[in-house]
Amino acid sequence: MGEIEEGMERVERTRPVPRTVPARVRYLVKQAKGSTRAVAAELGVSQRTVQRWLKGTISPKPDAARRIEEKVRARWQPGVRRRVRRRAEADGFMVHIQARFGYSAAAGSTDDPRERLITQHLPGEVARELYAARDAGATETDQRRILATALQEHYFKDGGRRADGLTAEINDLGWIELEI
């Protein structure tokens, strides 16, 4: 999972996802109405293995731990996630980013990459584009391109009022925080 996708996920949660395997398995069993058999079938392991994970007597193998984490993340706070997404797509979101931006512009200007700390409100159409890309399984590079284009238009070009002909790209992403 890339930095941008993690930032989108962080803003969608009000409570942290359970960290330990027993807590995650407990959550899955609760979602399955107490059926360790259903959880075992979903994860492709035996019912007894799920019971042992719950007790904490054994730890899952890395592949099983990854599957458990994916299942929990997919189901964690679905109502909150939907509300946050609808609000971001309607009203936009605030992005706080530290990154090295590369530029190309008109002759006589510099194209040296520069590190910048930017706080900028981006409109709902950018949120829709980022969510659609995430849903389609876009790579971190694709998501960076979407974000760089949005920042290029709304931060560097100020909605078309300056820097005509400038293109910006994110070369190195330090950190990102999204706020709705």
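See the structure above.
Residues numbered from 1 in each chain as written. Predicted model: local features only at pLDDT ≥ 70, side-chain atom pairs only at ≥ 80, totals over all residues. Heavy atoms only, no water.

Backbone geometry at Lys-33 places phi at a positive 60 degrees, although glycine is not the residue there. Mapped onto the elements of the fold, Lys-33 is located in the loop between helix H2 (21-31) and helix H3 (36-43). For Lys-33, a relative accessible area of 79% translates into the label exposed. Its identity is not glycine, yet Asp-158 carries a phi of approximately 50 degrees, on the positive side. On the secondary structure map, Asp-158 appears in the loop between helix H8 (140-156) and strand S3 (167-179). (Helix = DSSP H or I, 4+ residues; strand = E, 2+ residues; numbered from the N terminus. Buried < 20%, exposed > 50% of the residue type's maximum accessible area, 1.4 Å probe, protein only.)

What follows deals with the packing of aromatic side chains. Under the definition given, this model contains three aromatic pairs. A centroid spacing of 5.4 Å and a plane angle of 70 degrees characterise the contact between Phe-101 and Phe-156, whose relative ring orientation is edge-to-face. One end of the pair, Phe-101, is in strand S1 (residues 93-104); the other, Phe-156, is in helix H8, with 55 residues separating them in the sequence. The buried category is assigned to Phe-156, whose relative accessible area is 6%. Taking 4.9 Å as the distance between ring centres and 85 degrees as the angle between the ring planes, the aromatic pair formed by Tyr-155 and Phe-156 counts as edge-to-face. (Phe/Tyr/Trp six-rings, centres within 6.5 Å; stacked < 30°, edge-to-face > 60°.)

Relative orientation of the contacting elements H2 and helix H5 (residues 62-75) amounts to 55 degrees, with a least axis distance of 10 Å. Considering their axes alone, H2 and H5 lie oblique with respect to each other. Once H2 is placed against H5, the crossing between them reads as left-handed. Facing H2, whose interface residues are Val-21, Arg-24, Val-25, Tyr-27, Leu-28 and Gln-31, H5 presents Ile-68, Glu-69, Lys-71, Val-72 and Arg-75. Here the contact of H2 with H5 is composed, by residue class, of six nonpolar, one polar and four charged. (Axes fitted to C-alpha atoms, helices over the stretch in contact; angles between N-to-C directions. Parallel < 35°, antiparallel > 145°, perpendicular 65-115°, else oblique. Left-handed = near helix turned anticlockwise from the far one by under 90°. Contact = heavy atoms within 4.5 Å. Nonpolar A, V, L, I, M, F, W, Y, C, P; charged D, E, K, R; others polar.)

Another aspect to go through is the environment of His-121. Mapped onto the fold, His-121 is located in strand S2 (residues 114-122). Among the residues examined, His-121 registers a relative accessible area of 40% and is labelled partly exposed. Excluding residues within four positions of it along the chain, His-121 makes contact with Asp-91, Gly-92, Phe-93 and Met-94. A polar side-chain atom of His-121 sits 3.2 Å from the main-chain carbonyl oxygen of Asp-91. (Polar contact = N/O pair within 3.5 Å; in protein donor to acceptor, adjacent residues only side chain to side chain.)

Attention shifts here to the layout of surface pockets. In this model, the largest pocket occupies a volume close to 280 Å³. Glu-5, Glu-9, Arg-73, Ala-74 and Arg-81 are, among the 14 residues lining the largest pocket, the residues nearest its centre. Breaking the lining of the largest pocket down by element, the ones donating at least two residues are helix H1 (3-12), H5 and helix H6 (78-91). For the lining of the largest pocket, the element with the most residues is H5, which contributes five residues. Residue composition of the lining of the largest pocket, by class: three nonpolar, no polar and 11 charged. (1 Å grid on protein atoms, 1.4 Å probe; cavity = no way out; pocket = protein on both sides within 12 Å on 5 of 7 lines; lining within 4 Å. Points joined across faces, edges and corners; volume = space filled by probe spheres on them.)

We now examine helix H7 (residues 124-135). The first and last C-alpha atoms of H7 sit 16 Å apart over 12 residues, in line with the 16 Å expected at 1.5 Å per residue. Every buried residue of H7 is accounted for by Gly-124, Val-126, Ala-127, Leu-130, Tyr-131, Ala-133 and Arg-134. In this structure, the buried side of H7 is in contact with H1, H6, S1, S2 and H8. Directly beyond the C-terminal end of H7, a positive phi value near 80 degrees is found at Gly-137. (Expected span 1.5 Å × (residues − 1).)

Scope: geometric values only; no functional claims are made or implied.
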